[in-house]
Protein chains: 2
Amino acid sequence: MTDNVFHQDFAISEEQRAQLKDHKSLMIWFTGLSGSGKSTVANALEQYLVGKKIHTFTLDGDNIRLGINADLGFSTEDRTENLRRIGHVGKLMVDAGLVCLAAFVSPLNHDRAALKEIIGKERFIEIFVDTPIEVCEARDVKGLYAKARRGEIKDFTGVNAPFEAPEHPDLVIDTSIEELAASVERIYKFIQNKLSL
Amino acid sequence: MTDNVFHQDFAISEEQRAQLKDHKSLMIWFTGLSGSGKSTVANALEQYLVGKKIHTFTLDGDNIRLGINADLGFSTEDRTENLRRIGHVGKLMVDAGLVCLAAFVSPLNHDRAALKEIIGKERFIEIFVDTPIEVCEARDVKGLYAKARRGEIKDFTGVNAPFEAPEHPDLVIDTSIEELAASVERIYKFIQNKLSL
């Protein structure tokens, strides 16, 4: 009886976790500008999924930047490290059998490619929340666009840092023209088969 | 409809998650020397819990050191950062409604105190796997004690780095004198009430 000898024997399989939860696990990644509506759609989707007895968890700035990534800033290196860690946390959530939702600007192709690599392409859904920047900026809930325009925030995505649009997103959502409930139903239709045992 | 406006309205509550899973969430933290049997007990407990339809996940060196903490070494600073991150991952797992098991040497009182702070004392169970070092060293599955005795590993807990025994562990287990099944049942009896809705 030692630390690792019986490790394999006792490991819970992916199938066991899926059986217990009655669905497969998945990462649903929302990428888009600040103010595009990523968190709103993710949160509404999570409510919808929980209503269908699907086991979920949402990763977003609130529970990541204040917790595990509280030591990171907003330099290019720190942003990449921020997403790398989120990718690994997300991987563990999906390994745990959950449907994990994640809402992060994640503006760069190579960072999103790294995320898919970490989590596994076959269980990674990429949703591009493609709301026009004028709409995002008009919303400006946190006043970040105004600050960025005044030059008080450097490297603010969409203002003075690039957003690289996903080349092959699984779904595209524009919250300025689609109702929230319609977006949620469209996402659910897309993932339904992937969740089925 | 913006990133955060509806955040509160759509948030899933702790109670909703517990209802869906039919049990409360908890962190079960195993601390002890290398070779003490932490992972073996954790893995056997996880099998037992899954058999009772409890939603679990186990964090250990295998899925942490090769993943989110692959950038960390074994200096004092890196060990503290290693545990800080594990604490935050564990917090998210418990926030997600899971019974999270974690098996890490975690030899220092202040690191374990920090973990309790991050995860929340009321949902943190500390299990001290107090197997005599002679037994741990005789097992030496990975040959680490031999290497440490030859001076090839610096700061190896129990050989040339301290293990600070927990002062008030919730349970103490000595895998050299207690059968695995008995340990598992003892832990289950201890946590059963804490899991009940």
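Now for a quick tour of the structure. (Residues numbered from 1 in each chain as written. Chains lettered and ligands numbered in written order. Predicted model: local features only at pLDDT ≥ 70, side-chain atom pairs only at ≥ 80, totals over all residues.)

Remarks on the overall build of chain A
Turning to step 1, where the next piece is worked out: For chain A, the count of helices and strands is 9 helices and 5 strands.
Turning to step 2, where the next piece is worked out: Counting from the amino terminus, chain A carries its helices and strands in the arrangement α-α-β-α-β-α-α-β-α-β-α-α-β-α.
Turning to step 3, where the next piece is worked out: For a compact globule of 197 residues, the expected C-alpha radius of gyration is about 16 Å, and chain A comes in at 18 Å, within 12% of that figure.
Turning to step 4, where the next piece is worked out: Along the first, second and third principal axes, the C-alpha set of chain A runs to 65 × 40 × 25 Å.
Turning to step 5, where the next piece is worked out: Taken over 197 residues, chain A has a buried fraction of 46%.
Turning to step 6, where the next piece is worked out: At a minimum sequence separation of 6, the contacts of chain A that also span at least 24 residues come to 77%. (Helix = DSSP H or I, 4+ residues; strand = E, 2+ residues; numbered from the N terminus. Rg over C-alpha atoms; globule rule 2.2 N^0.38 Å. Buried ≥ 20, exposed ≤ 12 C-beta atoms within 10 Å, placed from the backbone. Contact = placed C-beta atoms within 7 Å.)

Observations concerning the interface of chain B and chain A
Turning to step 1, where the next piece is worked out: Contacts between the two partners involve 41 residues from chain B and, on the opposite side, 41 residues from chain A.
Turning to step 2, where the next piece is worked out: At the level of elements, α1 (7–10), α2 (14–21), α3 (38–51), α4 (61–68) and α5 (76–95) of chain B are the ones that each hand at least two residues to the side of chain B that touches chain A.
Turning to step 3, where the next piece is worked out: The element contributing the most residues to the side of chain B that touches chain A is α3(B), with 8 residues.
Turning to step 4, where the next piece is worked out: Its residues assigned to classes, the side of chain B that touches chain A shows 18 nonpolar, 16 polar and 7 charged. (Nonpolar A, V, L, I, M, F, W, Y, C, P; charged D, E, K, R; others polar.)

A closer look at the sheet that holds strand β2 (residues 56–60) of chain A
Residue and element names in this part refer to chain A.
Turning to step 1, where the next piece is worked out: The parallel open sheet is built from 5 strands, whose spatial order is β2-β3-β1-β4-β5. Edge strands, defined here as strands with exactly one partner in the open sheet, are β2 and β5 (171–173). Here the strands of the sheet are splayed against their neighbours by 20° on average, with no regard to which way each runs.
Turning to step 2, where the next piece is worked out: Note that strand β4 (residues 124–129) and β5 share 3 bridges and pair parallel. Across the sheet, the residue bridging to Val-129 is Ile-173, located in β5.
Turning to step 3, where the next piece is worked out: Contacting β1 (26–31), β2 and β3 (99–103), helix α5 (residues 76–95) crosses the sheet at an angle of about 160° to β3. (Pairing = 2+ DSSP bridges. Axes fitted to C-alpha atoms, helices over the stretch in contact; angles between N-to-C directions.)

Remarks on the nonpolar core
Turning to step 1, where the next piece is worked out: If you look at the biggest cluster of nonpolar residues, it comprises 86 residues, and the most contacted ones within it are A:Cys100, A:Ala102, B:Cys100 and B:Ala102.
Turning to step 2, where the next piece is worked out: Residue contacts for B:Cys100: discarding those within four places in its chain leaves B:Met27, B:Phe57, B:Leu59, B:Gly90, B:Met93 and B:Val94. (Core = buried A, V, L, I, M, F, W, Y, C linked by C-beta atoms within 7 Å.)

A few points about the packing of α3(B) against helix α9 (residues 180–195) of chain B
Residue and element names in this part refer to chain B.
Turning to step 1, where the next piece is worked out: Where α3 meets α9, the axes come as close as 9 Å, and the angle between the chain directions of the two elements is 65°. As α3 runs across α9, the sense of the crossing is right-handed. Side by side, α3 and α9 meet where Thr-40, Val-41, Ala-44, Leu-45 and Tyr-48 of the first sit next to Leu-180, Ser-183, Val-184, Ile-187 and Tyr-188 of the second.
Turning to step 2, where the next piece is worked out: Its residues assigned to classes, the contact of α3 with α9 shows 8 nonpolar, 2 polar and no charged. (Left-handed = near helix turned anticlockwise from the far one by under 90°.)

Some remarks on the sheet that holds strand β1 (residues 26–31) of chain B
Residues and elements named next belong to chain B.
Turning to step 1, where the next piece is worked out: Taken together, the 5 strands give an open sheet; going across it, the order is β2-β3-β1-β4-β5, and neighbouring strands pair in parallel fashion. Across the chains shown, the open sheet's two edge strands, defined by having one partner strand only, are β2 (56–60) and β5 (171–173). Neighbour-to-neighbour, the strand axes of this sheet turn through a mean angle of 20°, independent of strand direction.
Turning to step 2, where the next piece is worked out: The strands that α3 touches are β1, β2, β3 (99–103), β4 (124–129) and β5; relative to β2, the one it contacts most, it runs at about 170°.
Turning to step 3, where the next piece is worked out: Sheet strands in contact with α5 are β1, β2 and β3, and its direction is about 160° off that of β3.

So, the relation of the copies chain B and chain A
Turning to step 1, where the next piece is worked out: You can overlay chain B on chain A at an RMSD of 0.0 Å; the transform is a turn of 180° with a shift of 0.0 Å along its axis. In short, the pair behaves as if placed about a two-fold rotation axis. For chain B, the smallest separation between a C-alpha atom and the rotation axis is recorded for B:Val89, amounting to 3.3 Å.
Turning to step 2, where the next piece is worked out: Interface overlap between copies is the fraction of interface residues in one copy that are interface residues in the other; for chain B against chain A it reaches 100%, indicating a shared surface. (Least-squares fit on C-alpha atoms with pLDDT ≥ 70 in both.)

Looking at the pairing of β2(B)
All names here are of chain B.
Turning to step 1, where the next piece is worked out: Taken across its 5 residues, β2 has 5 buried, putting it largely inside the fold.
Turning to step 2, where the next piece is worked out: Neither face of β2 is left uncovered, since the one carrying Thr-56, Thr-58 and Asp-60 and the one carrying Phe-57 and Leu-59 both have all their residues buried.
Turning to step 3, where the next piece is worked out: Summarising the sheet, β2 and β3 pair through 5 bridges and their orientation is parallel. For Phe-57, the partnering residue across the bridge sits in β3 and is Cys-100.

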